[in-house]
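# An overview of the molecular structure
Given next are the chains, with one letter for each unit.
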Amino acid sequence: MPTDLHCRACGNEYDAGPDEPWRCDCGHALDFANEPLPEGSPPPFEKLDTRRGLWTFFEFLPVSQQVSLGEGFTPLVDAPDWDAQFKLEYVFPSGSFKDRGATVTLSRAVELGVDTVIEDSSGNAGAAIATYAARAGLDAEIYVPADIKQSKLVAIQRAGARPVRVEGGREAVTEACLDAVRTGDGWYASHAWNPAFYAGTMTFALEVAAQREWTVPDAVVLPLGHGTLFLGAYRGFRALREAGITDDVPRLLGAQGTGYAPFAAELQDNRPEREEPGAELTAALDRDDEPEAINEIVDGIHIRDPARREQVEDAIRETDGDAIALGADAVEGTLDRLHRAGFYVEPTSAVAPAALGEYRREGVLDEDDDVVVPLTGSGMKTL
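What you are looking at is a predicted structure, and each value in this text was computed from that prediction instead of being measured.

On to unusual backbone geometry, then. Of note in this structure, D83 is not a glycine but carries a positive phi near 55°. For D83, the position within the fold is in the loop between β4 (76-79) and β5 (84-88). Of note in this structure, E213 is not a glycine but carries a positive phi near 55°. Here E213 lies in the loop between α6 (203-211) and β10 (219-223). Judged by relative accessible area, E213 falls into the partly exposed class, the value being 41%.

Across the chain, pLDDT averages 92, with 94% of residues at or above 70. For the stretch residues 274-290, pLDDT sits under 50, and the model shows 30 contacts to residues farther than four places along the chain or on other chains.

Read across the open sheet, the four strands follow the order β8-β7-β6-β9; overall the sheet is parallel. Two strands lie at the open edges of the sheet, namely β8 (162-166) and β9 (187-188), each paired on one side alone. Looking at chain direction, strand β6 (residues 116-120) and strand β7 (residues 139-145) are connected through five bridges and run parallel. Note on β7: the bridge partner recorded for E119 is I142. Across the sheet, helix α4 (residues 170-182) lies against β6, β7, β8 and β9, angled at about 160° from β6, the strand it touches most.

The grouping of D81, D83, D218, D247, D248, D366, E367 and D368 at the surface amounts to a negative patch. On the secondary structure map, D366 appears in the loop between α11 (351-362) and β13 (371-375).

Turning our attention to the sheet that holds strand β12 (residues 322-326). Reading across from one edge, β4-β5-β13-β10-β11-β12 is the order of the six strands in this open sheet, with mixed pairing throughout. Each edge of the open sheet carries a strand with a single partner, namely β4 and β12. Going across the sheet, the axis of each strand differs from the next one's by a mean of 25°, ignoring polarity. With five bridges connecting them, β10 and strand β11 (residues 251-257) associate as parallel partners. Its bridge partner being in β11, V221 is matched across the sheet by L253. With respect to the sheet, α11 is in contact with β5, β10, β11, β12 and β13, its orientation differing from that of β12 by roughly 110°.

Parameters and conventions
Residues numbered from 1 in each chain as written. Predicted model: local features only at pLDDT ≥ 70, side-chain atom pairs only at ≥ 80, totals over all residues. Heavy atoms only, no water. Helix = DSSP H or I, 4+ residues; strand = E, 2+ residues; numbered from the N terminus. Buried < 20%, exposed > 50% of the residue type's maximum accessible area, 1.4 Å probe, protein only. pLDDT = per-residue confidence, 0-100. Contact = heavy atoms within 4.5 Å. Pairing = 2+ DSSP bridges. Axes fitted to C-alpha atoms, helices over the stretch in contact; angles between N-to-C directions. Patch = residues over 30% accessible without salt bridge, like charges linked within 9 Å, V, L, I, M, F, W, Y side chains within 5 Å. Areas by Shrake-Rupley, 256 points an atom, 1.4 Å probe, with all protein chains shown as cover. Salt bridge = Lys/Arg side-chain N within 4 Å of Asp/Glu carboxyl O. Lys, Arg positive; Asp, Glu negative; His and termini not counted. Charge placed at Lys NZ, Arg CZ, Asp CG, Glu CD.

This is the structure in structure tokens:
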């Protein structure tokens, strides 16, 4: 039976079904009323059957259907030049980590008897939802910016989904999509609002722990737009601790682009001055300077009003985390460095490795801290 929904902010509860609301009447995001946890100790990684991909962790997931393309268990590799481990999320079927959320979201859509799904996306989430809708045999409409990259548009079209181009900024795309949802055109398979998407992205944390023989790193540095991977990682690491599988939750450190950095700006407003040498904030975060230009390179995380802002802020606070913003030069230089090292990723993927270096320069991370960084999207997206 599909899991019902509830609002963490006001306590409202809603029955599951194809006509369920996409958010609470109070305006906050909804989550599953019951989040399953497994019992018993997991096997060592070498004895774990990973042929089902992320569905290896079905006991953590609030759905019984499985609309799958074998996604998950992306490689976790050493990156000695960065003194970190990279998790290669860009090798998913549609070329980005968004497949984690899409497989669970479309599985739940099938479970609820949905006929048509609707999503708004600048590219990766739309391609993922379109891909898994095709796998599920459902119709899909993807609302996209009018200037969407051709490669991402083609990925949506070739999966059989109908792209709906919208003039204006990212906010205009979302509003046009919500108009369609309100008029009953389909079920909102939103990567930002739909709780099933976050159930999928939390498997990132489960895989990291399993691949490290059920240990967690000191910190994870992640790109941060709406926070779909950031919040999913937090929930996954927390679920592992609550199940007694691991002892700790790593620090979660966010990476944003200048011009679209609400979390970094909020933290800067509340951060005391750092007086020790070498720990001064970057110019991108200095509120006394003129605002820096928008970092156009990281368009995949161009979000000024995150759907689950309070939940992400809670995750940062509860893990002793942080968020910083980086300009285009830092990200572009890191992108070139990644490509030369054999990591063929799209530009937005470079923001987290760039932030890793900044966190170390600021002293937020020590040189010997054990760090994992996801590389989130394929360079093939930019062709």
